[in-house]
Structure formats: structure tokens, C-alpha cells
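Residues per chain are reported as follows:
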Amino acid sequence: MTSLVSVKGLKKSFGGLEILKGMDLEVRRGEVLSIIGPSGSGKTTILRCLNLLERPTGGQIDVDGQNLCKELPDGKMEYASRNKLREIRKGIGLVFQQFNLFPHMTALENIIEAPMAVNGVDRSTAIGAARDLLESVGLAQWADHYPLQMSGGQQQRVAIARALAMEPAVMLFDEVTSAVDPELVGEILLVMRHLAEQGMTMLVVTHEMNFAADVSDRVLFMDNGVVVEEGPAAQVLGAPQNARTRGFLRAVRDRAPMDEEQQ
Amino acid sequence: MSSWDWSIIQRCWPLMRDAAWVSINLFAWSLVLATGLGLVLALMRMSSFRALRWLSALYVLVFRGLPALVILFFAYFWVGRNLNLSPFQSGVIGLSVAAGAYKAEIIRAGLLAVGRGQYEASEALGLSKSHSLRRIIIPQGIRVMIPNYMSNATLLLKSTSLASVIGITELTGRARQLANSTYKPIEILTAAGVIYLALTTVLTVSQEILERRFRLKT
Amino acid sequence: MSIELIQEYVPVILRGFWITVRLFLWSLVFSTVIGLALALMRISPVAVLRWISGGIGWLFRGIPLLLILFYAFFALPEIHQSLMFDPFWAAVVGLSIWTAAYQSEAIRSGIIAVEKGQIEASEALGMTKRYYMRRIVIPQSIRIMIPPFIGNAINTMKQTSLAAVITVPEMTLLARQIISEDFKVAEPLLTLAFIYLALTTLLLMAQQGLERIFRLKV
């Protein structure tokens, strides 16, 4: 079975600083992959490279059979053209840490904007689909509210619905709970769990180890721009083989002593 | 100090009122043209073509570095004479060209103030650049720009007074004429001042209304 | 358009250069003093002072500079014999009060922009108001007010060109005379434009220099 997302030798430098030092990643259809690691390890950069919000300086990325970028024989990089890129992006859903909802539009308007403009869906169909999506994230009553009238947890759920409205093949989640008050994190994770149970292919960059343990199929630990360890969730999180992985997990868990039962 | 003469104001009022309308006319035309020019320049500044970016930056640098009066002289003596324009038309051109440079910066700052995340979210959803500019960025940019835009518009209103120097009979020019011919400069000039204050107050109130209309609902 | 003519006109126009510079410098000095006074009045706990300052600011920002200059030149002598200035000083009076109205806003915004938290920390540490204003608040305010302050100063420099309208022999007037006497337009105006651009660029560089001096070390 070919992978839905295939990354080979991904490199990314910002100015003189090399953030990603050549990493590989494969995600199969229906799989949930969590990426964990310390700040500055490059986790967010990977996601942003996956839909070319950042342009890799090396390597090859293919999503759903389409090539986003590759290295030419002479060493230069070739990126998908602007039109091709827009096509590919329809199949990739990205949820941001800062939600990035359009503040001057209601929740409903946020969700229908892209399907109408990009996929040519007519307004009534788009609204119907949007209401269904809002229902599925538990916000049916909030359709006509504006982002600033909602809590962080609610805004993020609208953001997820907005990405889902484009019916993507894969969903990317960039630390989507980090900017949200702790008591609101659960409602977001619940939505993501439902999505996973429905078979959505998901790539999740997260600090939430419990979520990673419960919902992911595989976990990838990154440090300093390279993949340190990768494998089934239970193994990487429960019985990590690499010393650095163990060190990181210990440091994370020391911050939340109540999670001991998750060992 | 001799006593205040109300009757002179009464008698001169029709002349001053008509001149005030000329000022308002100059202002309206120049505002529209300057805004259009500013929008074009701001978009040029965000273009992917380096030549357009440079041209826009150069325009702003030059026309913000020159006194408005000098720009008006260029418009009247050079452009106006060569193209056979009326003084009013030259005046509008001069004022618009000068104000356009400021509008360009105001519009650009407004568009930049819209957080990067909005651009990225639009891109990630597959929206085209023109669509996201039109539906996402510019509406939010307008909200940010309103204060600066309106204060610049107020400046534009006041700069219409310069048109008197190239022979247009707007309010300030008329006031000077009357002040000299009636030997009552205090009354006339004060009356002119009051009219200007009324006009700028209208603009200030408009600003309040616009800010309220564009406020984000929390 | 001939280069020889430009070379011929440069010294003619430059005869007005020092007048322009002196107009600018005097106005800068007076406007800073008056602007500071107005700003302090504006944040004073005494309501009357706040109103007076606010009123003056509103008044002089709401009417055109040209009208203010006419007032200084034509109307002040009518109020009192001793207020008859020669054109140069009338221009300085007008420019100073006009600029002061804007500088007071720039200075005030600098002062209030220093975070309340800083003042609270200073008071918690037991400092007197005089002490922390001097050592904590004012140094930071200066950094914040530099851009708008210099922006206003650059405007003042450009607006010295209006003094030409009340017969002060500064550069713009001299250029205007060349136009009427020699019937040449492009050469005198271009020369004038270049000189003004040089002056504003100098001031912009001064602004960047000042910003660098006062920048926070990171």
C-alpha cells in the first residue's frame, strides 16, 4: 500500500540556521501519526513544509500521489507551480496553533468561504455542509457567532471544521492545543479523536502525550532537526529504545505528576 | 481694540459660503483620486515584481519629501499649462499626487497589520491571492487604517487652502481677499476659521462612525 | 530643459536657503517648548488646564496653516499695535503654534505610552514621582516619541514654503519669481525640488540616527 504522505531527506534552513537536517516520514492512508519533541526540534517546520508554506531547501515531498517538491540532479530544488500547489492544498487540511479564523466573518461564513470560492460549491449546499460540520464539532448553536465572541477551544473547533469543509485527504494539526486554556483542551482533543476513529489520515504535532498514546498509531520523536526514534505509539511512548527519547519523556512527565497512571 | 463687527460677516457670508463649496469640491475630488492612487501604489509595493515595488517606494519617498506647495506649482505651471488644464483641475491633480503618497503608506501599513496567520490560513485553504486579498485581507486592513486615513483626510481638507496660491477661489483665498478689501481681517479670518473647524469636525464625527461600523464583534 | 539654466538658478534659489533654515529652526525650538507645555497641561490633574490645552490643540489642528499665517500677518496687528511683525517673524509665530499643536500630541503619547506597570513598580520600590519621572518614565518616553516628533519636524520644514505666501523671501518665493520673470518652469521647480528633497532626506537620516541612539539594547 503506497503512503498518502511521503517525505524523503527533507531539509530546511532559515538563513544560516539549519532547522531540518534531512528527515524521512511516511504516513499511510487512515493512519494517525504524532510528532513529539522539544521546542526548536523542527516539528512545526515539517508541517509547514508539507503544504509548502515553507519551501524546503532539500528533499522530496509527495502527498496523495502529487509531488510538492523535489531535488533536481544539479542540486537545485523544484517546487510545484502556483496553480498545481493550489490544487494540492485542497487535499491538505491545516489547523494552526493560533486558529487564524477570519475575525470579520461568522463561524458559518468562515467555513463556507473556501468551498465556495475554490471548489465552486453553491451557497446553499455549502451552508448545509457547514452546519453539519459545526454539529459534528459540537458547535451547532454558534454558527452565527463571530470568532471573538467564542472561547479559544470553540475557535479551534471552528478552525478544524473549516479545514474539514474542503474534504481533505489528510489533516495536519500544528500544536493546536498549545494556545488554548488548559480546561478547554479536552474538547479539541475529543474532536480530533472522533476524526481519527472515522479513519481520517492525520499528522499531529503535539505536546499532549496522553492524546498521542491513546489516538495515534505511530509516534515520531524529533530532536534537533532529525528523527531520533519512530515506531508504534505504545512502543515509543511506553518503552522507548533511544536514551534521548527517554530523557525527553521523563522531562515532560515530571511536569504532570498526575499522569503516572498512563505509564 | 475696536469692537467686533458682525455685519461684515453677514455681508461677506455668501461669498465665503460659495468659496467653502469650492474647497469641499477640491477636497472630495482629491480624496477620491488620492485614495485610488494610494491603493495602486500599495498593491504595487506588495507585487512580486521588483520594478513595481521600487517604483512605488520611489514615488512615496519623493512626494513625501516635497512641500505640497511645490507639488502644486509643478501641477499648475508644468502639467497644467502643457495639458491646458483649468486651475481647478491642476489643483486637484497636485493635491492628489501629494496626498497619494501618504495614502499609499497608510494603506500599506493597514494591509501589513493584518496578521500573517490570516494570509497563511487563506493560502492553506487554497484561496487565490486575489480572492484572499479581496475577501479576507482588505476588509480587515480597512479597520486598521481608519484612524490614519481619516486624519490624513483632514490634512487634505486643510491643504486645499494652498489652492488659493494658484488662483483658485477657495475659502482661504477668498478670506484673504475679503480681509484686505474690508480692512476687517480679524472678523473675516475668524469666520473662515470657524467654517474650517466645522468641516474638520464633520470629518472627525465620520471617523467615529466608521470606526464603530468596522469594529470587530466581541 | 537645460542644465545650464539649472546651474544658473541654483545660487539664486539658494539665497533663500538660510531663511528657510532659520524659519525651520526657530519654529522647531518654539514649537517644542510650547508643545511640551501643552502636553504637560493635557495630562495635568487640573481639569481646566486639560481643557485649555485640549482646546488649543483642537483649534490649531483644525484650521489650515495658511489661514494661521494670514492671521499672524494680517489680523494680529489689528488686535494690538505691538503685534505687527515683519513677515519672517509672523511666519515663525504661525508655524510654531501650528507645529506645537501636533507636537503636544506626539509628546503626550510618548509620556502615556510608558507602561503603567513601570510606574507601579517604581512606586512599590518607594521612589518619589519626581524621581521616577526623571529616571524611568522620561527616558523611555523620548524613545517612543522620536518618530512622530521628527515626522512633525519634517512637516514643519516643508511648510516653511508657505511663508512665501506672506512674502518671506525663502526658496519657494524665489523660485516663483523666476517663473514669472524668466517664464521658465521646469528648471526652477526641479532645482527647488532637489533642494527640498535633500533637506528632508537629511532629516530622515537624523531620525534614524536618533532612533539608533535611543534603541533598547537586546
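Residues numbered from 1 in each chain as written. Chains lettered and ligands numbered in written order. Predicted model: local features only at pLDDT ≥ 70, side-chain atom pairs only at ≥ 80, totals over all residues. Heavy atoms only, no water.

1. Here we look at the interface of chain A and chain B
- Contacts between chain A and chain B engage 24 residues on the former and 20 residues on the latter.
- Between chain A and chain B we count three salt bridges in total.
- Between the two partners, chain A and chain B, sit eight residue pairs in polar contact (both at pLDDT 80 or more).
- Among the secondary structure elements, those contributing two or more residues to the side of chain A that touches chain B are helix H2 (82-90), strand S7 (92-95), helix H3 (107-119) and helix H5 (152-164) of chain A. (Contact = heavy atoms within 4.5 Å. Salt bridge = Lys/Arg side-chain N within 4 Å of Asp/Glu carboxyl O. Polar contact = N/O pair within 3.5 Å; in protein donor to acceptor, adjacent residues only side chain to side chain. Helix = DSSP H or I, 4+ residues; strand = E, 2+ residues; numbered from the N terminus.)

2. Considering the packing of aromatic side chains
- For the structure shown, the criterion picks out twelve aromatic pairs over all chains.
- Between the aromatic rings of B:Phe74 and B:Trp78, the centroid separation amounts to 5.6 Å while the plane-to-plane angle is 40°, which identifies the pairing as tilted. Of this pair, B:Phe74 and B:Trp78 are both found in helix H3 (residues 68-83), four residues apart, which corresponds to roughly one turn of the helix.
- Judged by relative accessible area, B:Phe74 falls into the buried class, the value being 13%.
- Ring geometry for C:Phe70 against C:Phe74: centres 5.7 Å apart, planes inclined by 45°, an arrangement best described as tilted. (Phe/Tyr/Trp six-rings, centres within 6.5 Å; stacked < 30°, edge-to-face > 60°. Buried < 20%, exposed > 50% of the residue type's maximum accessible area, 1.4 Å probe, protein only.)

3. Regarding the sheet that holds strand S9 (residues 201-205) of chain A
Residues and elements named next belong to chain A.
- Read from one edge to the other, the open sheet built from six strands follows the order S7-S8-S9-S3-S10-S11, with strand pairing classed as mixed. In this open sheet, the two edge strands, each paired with only one partner strand, are S7 and strand S11 (226-232). Strand-to-strand twist in this sheet, taken as the mean axis angle between neighbours without regard to direction, amounts to 15°.
- Set on the sheet, H5 makes contact with S7 and strand S8 (170-174); between it and S7 the angle comes to about 170°. (Pairing = 2+ DSSP bridges. Axes fitted to C-alpha atoms, helices over the stretch in contact; angles between N-to-C directions.)

4. Observations regarding the packing of helix H2 (residues 17-42) of chain C against helix H3 (residues 47-62) of chain C
Residues and elements named next belong to chain C.
- Relative to each other, H2 and H3 sit at 135°, their axes nearing to 7 Å. Relative to H3, H2 is oriented oblique. Crossing handedness for the pair H2 and H3: left-handed. Taking contact as the criterion, the partners of Leu38, Met41 and Arg42 in H2 are, on H3, Leu49, Arg50, Ile52, Ser53, Gly54 and Ile56.
- In terms of residue class, the contact of H2 with H3 is made up of five nonpolar, two polar and two charged. (Parallel < 35°, antiparallel > 145°, perpendicular 65-115°, else oblique. Left-handed = near helix turned anticlockwise from the far one by under 90°. Nonpolar A, V, L, I, M, F, W, Y, C, P; charged D, E, K, R; others polar.)

5. Description of the nonpolar core
Residues and elements named next belong to chain A.
- Leu25, Ile61 and Leu203 are the most contacted members of the largest nonpolar core, which has 147 residues in total.
- Once you skip the residues sitting within four places of it in the chain, Leu203 turns out to touch Val5, Leu25, Val27, Leu33, Ile35, Leu47, Leu50, Met171, Leu172 and Phe173.
- If you look at the next biggest cluster of nonpolar residues, it comprises 40 residues, including Met150, Val191, Leu195 and Val215. (Core = buried A, V, L, I, M, F, W, Y, C linked by side-chain atoms within 4.5 Å.)

6. Description of helix H7 (residues 171-182) of chain B
- Between its first and last C-alpha, H7(B) extends 16 Å over twelve residues, near the 16 Å set by a 1.5 Å rise per residue.
- If you check which residues of H7(B) are buried, you get B:Leu171, B:Thr172, B:Gly173, B:Arg174, B:Ala175, B:Leu178, B:Ala179 and B:Thr182.
- Tucked into the core, H7(B) has its buried residues touching helix H1 (6-45) and helix H8 (185-214) of chain B together with helix H4 (65-79) of chain C.
- The N-cap of H7(B), judged by a side-chain oxygen 3.0 Å from the amide nitrogen of B:Thr172 a few residues on, is B:Glu170.
- Following H7(B) by one or two positions, B:Tyr183 has its phi on the positive side, about 55°. (Expected span 1.5 Å × (residues − 1).)

7. Brief notes about the confidence of the model for chain A
- This prediction gives chain A a mean pLDDT of 89; 96% of its residues lie at or above 70.
- A low-confidence stretch, residues 257-263 of chain A stays under pLDDT 50, and its non-local contacts, those more than four residues away or across chains, total three contacts. (pLDDT = per-residue confidence, 0-100.)

8. Brief notes about the sheet that holds strand S2 (residues 17-27) of chain A
All names here are of chain A.
- Sheet architecture is open: five strands sit in the order S2-S1-S4-S5-S6, paired in antiparallel fashion. In the strand order of this sheet, the two ends are held by S2 and strand S6 (77-79), each with one partner. With strand direction ignored, the average angle separating the axes of adjacent strands in the sheet is 20°.
- Pairing geometry for strand S4 (residues 58-63) and strand S5 (residues 66-71), over three bridges, is antiparallel. Its bridge partner being in S5, Asp62 is matched across the sheet by Asn67.
- The strands touched by helix H1 (residues 43-50) are strand S1 (5-14), S2, S4 and S5; relative to S1, the strand with the most contacts, the crossing angle is about 115°.

9. Structural notes on H5(A)
- The end-to-end C-alpha separation of H5(A) is 18 Å, in line with the 18 Å expected for 13 residues at 1.5 Å each.
- Burial within H5(A) is extensive, with 13 of its 13 residues counted as buried.

10. Description of the confidence of the model for chain C
Residues and elements named next belong to chain C.
- Chain-level statistics for chain C give a pLDDT mean of 88 and a share of 99% at 70 or above.
- For chain C, helix H6 (residues 116-124) is the element with the lowest average pLDDT, namely 78, and H2 is the one with the highest, namely 94.
- Among the scores for the predicted complex, ipTM is 0.86 and pTM is 0.79.

11. Side note on the interface of chain B and chain C
- Residue-level contacts link 34 residues of chain B with 32 residues of chain C.
- With both chains or domains summed, chain B and chain C bury close to 3,100 Å², and 77% of this area falls on carbon and sulfur atoms.
- By the criterion of area lost to chain C, the three top residues of chain B are B:Lys158, B:Leu189 and B:Leu197, representing 18% of everything that side buries.
- Our count for the contact surface shared by chain B and chain C stands at zero salt bridges.
- Along the contact surface separating chain B from chain C lie seven residue pairs in polar contact (both at pLDDT 80 or more).
- Put simply, the parts of the chain that give the side of chain B that touches chain C at least two residues each are helix H2 (50-65), H3, helix H6 (129-159), H7 and H8 of chain B.
- Ranked by residues supplied to the side of chain B that touches chain C, first place goes to H8(B) with ten residues. (Buried area = accessible area lost by both parts, 1.4 Å probe.)

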